[in-house]
Amino acid sequence: MDFDFSKEQKLIQKEVRRFAQEELAPRYSQWDRERKYPRELVKKMGDLGYIGVSVSQELGGLGESYVTEGLVCEELSRGDCSLPMSTQVAGHLCAGLLEQGSRSVQKAFLDPFLAGEQVCAFCLTEPGSGTDAGALQTSAVRKGDAYVLNGEKSGITAIMDADFALVFARTTPGHDARGVSCFVVPCNLPGMSTQAYEDLGCNAIVRGSLFLQNVEIPESYRIGEEGRGFRLAMRGFDISRIFLCLEAIAPALVSLQETMAHVKGRTAFGRPLATFEAVSFPIIEHFSLLEAVRLLCYKALWLRDQGQSSTKEAGMVKWMAPRFSTNAIRDCITLHGHYGYTKEYPLEQRLRDVLAIEIADGTSQVSKLVVQREMMGREFLPYNYR
Ligand SMILES: Cc1cc2nc3c(=O)[nH]c(=O)nc-3n(C[C@H](O)[C@H](O)[C@H](O)COP(=O)(O)OP(=O)(O)OC[C@H]3O[C@@H](n4cnc5c(N)ncnc54)[C@H](O)[C@@H]3O)c2cc1C
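1. With respect to the site of the ligand
- Residues in close proximity to the ligand total 18 residues, the closest being Phe-122, Thr-125, Thr-131, Thr-157 and Thr-363.
- Between an oxygen atom of the ligand and a main-chain N or O atom of Leu-124, the distance comes to 2.9 Å.
- One of the side-chain N or O atoms of Thr-125 is found 2.7 Å from a nitrogen atom in the ligand.
- Protein chains bury 66% of the 960 Å² of accessible surface belonging to the ligand in isolation.

2. Quick notes on the packing of aromatic side chains
- Per the stated rule, a full pass over the model turns up 8 aromatic pairs.
- Look at Trp-319 and Phe-324: their rings are 6.4 Å apart centre to centre, the planes differ by 75 degrees, and that puts the pair in the edge-to-face class.
- Take Trp-319: its relative accessible area is 29%, and that puts it in the partly exposed class.
- Assessed through its relative accessible area of 16%, Phe-324 is described here as buried.
- Feature note: the residues Phe-109, Phe-164 and Tyr-221 constitute an aromatic cluster, connected by ring pairs.
- A cation over a ring is seen here: Lys-368 above Trp-319, with NZ or CZ 4.8 Å from the ring centre.

3. So, the domain arrangement of the chain
- Each domain of the chain was delimited in the assignment, giving domain 1 (7-119), domain 2 (121-228) and domain 3 (230-380).
- On a C-alpha basis, the centres of domain 1 and domain 3 stand 21 Å from each other.
- Each partner contributes to the interface: domain 1 provides 24 residues, whereas domain 3 provides 32 residues.
- Both faces combined, the contact of domain 1 with domain 3 buries some 2,300 Å², and carbon together with sulfur accounts for 63% of it.
- Among the residues of domain 1 in contact with domain 3, Tyr-66, Glu-74 and Arg-78 are the three that bury the most area, contributing 26% of the side total.
- In this structure, the connection of domain 1 to domain 3 is made through 2 salt bridges.
- Ionic pairing is found between Asp-32 and Arg-352, a salt bridge with its closest N-O pair at 3.0 Å.
- Taken together, the links from domain 1 to domain 3 amount to 9 residue pairs in polar contact (both at pLDDT 80 or more).
- Secondary-structure elements contributing two or more residues to the side of domain 1 that touches domain 3 are helix 2 (28-34), helix 4 (66-79) and helix 5 (84-98).
- The greatest single-element share of the side of domain 1 that touches domain 3, amounting to 9 residues, is contributed by helix 4.
- Grouping the amino acids of the side of domain 1 that touches domain 3 by side-chain chemistry returns 11 nonpolar, 9 polar and 4 charged.

Rules of the game
Residues numbered from 1 in each chain as written. Predicted model: local features only at pLDDT ≥ 70, side-chain atom pairs only at ≥ 80, totals over all residues. Heavy atoms only, no water. Near = heavy atom within 4 Å. Polar contact = N/O pair within 3.5 Å; in protein donor to acceptor, adjacent residues only side chain to side chain. Areas by Shrake-Rupley, 256 points an atom, 1.4 Å probe, with all protein chains shown as cover. Phe/Tyr/Trp six-rings, centres within 6.5 Å; stacked < 30°, edge-to-face > 60°. Buried < 20%, exposed > 50% of the residue type's maximum accessible area, 1.4 Å probe, protein only. Lys NZ or Arg CZ within 6 Å of the ring centre and 35° of its normal. Domains from an automatic or database assignment. Contact = heavy atoms within 4.5 Å. Buried area = accessible area lost by both parts, 1.4 Å probe. Salt bridge = Lys/Arg side-chain N within 4 Å of Asp/Glu carboxyl O. Helix = DSSP H or I, 4+ residues; strand = E, 2+ residues; numbered from the N terminus. Nonpolar A, V, L, I, M, F, W, Y, C, P; charged D, E, K, R; others polar.

Set out below in C-alpha cells:
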C-alpha cells in the first residue's frame, strides 16, 4: 500500500495550487458577481495542459492517470470551486466522448476544447427526466446521411457560453435507455437556442436550457454506435462524479484551515476561541470526515487507473463529499461570527457553489441506490434502476 503521490504528481500539485491561488482565487467572487465565464483564464489552463489531463498524448492530452487528473481538479477548486464543474467535470465527460468520435470530430471539437479555446456542454437532463435520465425524449431522426434533432435539454452547466454540446437523444422511440444515442452539436447551428437560469451559485458558468428545433447534423457527428449513447454517458460518470466530490472537498478544507487560523487568533473571555471545545471539536470532526472521504476519492480513481470498477466507490463519495463539505463550510461561517456572514469572506459563495454538487451529476439518493445495487444486487432495488 502506498498513500503518497509520486514525485511528479507532487510537482503538478504544487504548480496547480500556485496557479489557483494567483489566477483563480483573486477573481472568484468577481466572476460570480458579473456572471462571467473566464474564457481568458480557461485558455491559460488549456496552454498549461490542465484540461483533459487524462486524454491520451496522441489526441492532444497529457496522457496522465485519473489520480493526477483528480489532483488537478482538487487544486483548481481550492481557488475556485465553480469553474472546474465546467472545465474538469463536464469537460471530462465531453472529452471522454469526443475521444470516441472520428478523427475529423476529434480535430474539430476535441482539439480546441483541450486548448481551452472552446467551451463544451454535456446535455443529458431534460425537463421531464433527470434522475431517470434514460427516459429522455429529445429525438434524433435519420434523414439520409444526417440526423434531425428536436427537444429540450435543461439544467446544463455553461450552456450559455458553450461552443458545442454533447447531446443525448433518442434514436429509438420509447423510454428504454438502449434507444439513446450521443451526438456532438455545434451551438451556432440553425435551430439551436438557449435560455439562462438565475442560480443560487456557480454563477460564472451560467446554467440554462438548450432548445433544439429541427437541428440537422451529419451522421459523422454521432459518437459511438447508435443506441449505445446512454452506456457511454454512465461510464464517464464513474470518474466525473469523483472529480465533482474533490471539487466540493477542496473549498471545505480551505475554509476549515482559514477557520482554524481565525479561532486561534480571536479571543473571547480572555482566551483564544480555539481553546473552547465547542469551537475546536466541530473543526476536528469536519477535518476527519473530509480526510476520510478524500482518501476514498483517490482510491476510487486509483481503482480506475488499475482498470477496475469504481462504481461503488463513486456512489459512496457522491453522497458523502458534498454533504460533508456543505456542513463544514456552514460551520466555518458561524465560527467566524458575524464576519462569516458577510460577502467580504468567500465562505458564503463557497457554500452556494458546493450546494450545487449535492444535485449535479446525480443526487445523494440516487448515489445510495447505486451503492445498494453494487453491494446487495439489482434484485434488491426498489424498482428497475438502470
Ligand atoms: C449545478 C447543476 C449543474 C448541472 N449540470 C448539468 C449538466 O451539465 N448536464 C446535465 O445533463 N445535467 C446537469 N444538471 C442536472 C442534474 O444532473 C439533475 O438535476 C439531477 O440528475 C437530478 O435530476 P432532477 O433535477 O430532474 O431531479 P428529479 O429526478 O426530479 O429528482 C427530484 C428529487 O427526487 C429524488 N429522487 C428521484 N428519484 C428517486 C428515487 N428513485 N429514489 C429516491 N429519490 C429519488 C432526487 O434525488 C431528488 O432529490 C445539473 C444540475 C445542477 C444542480
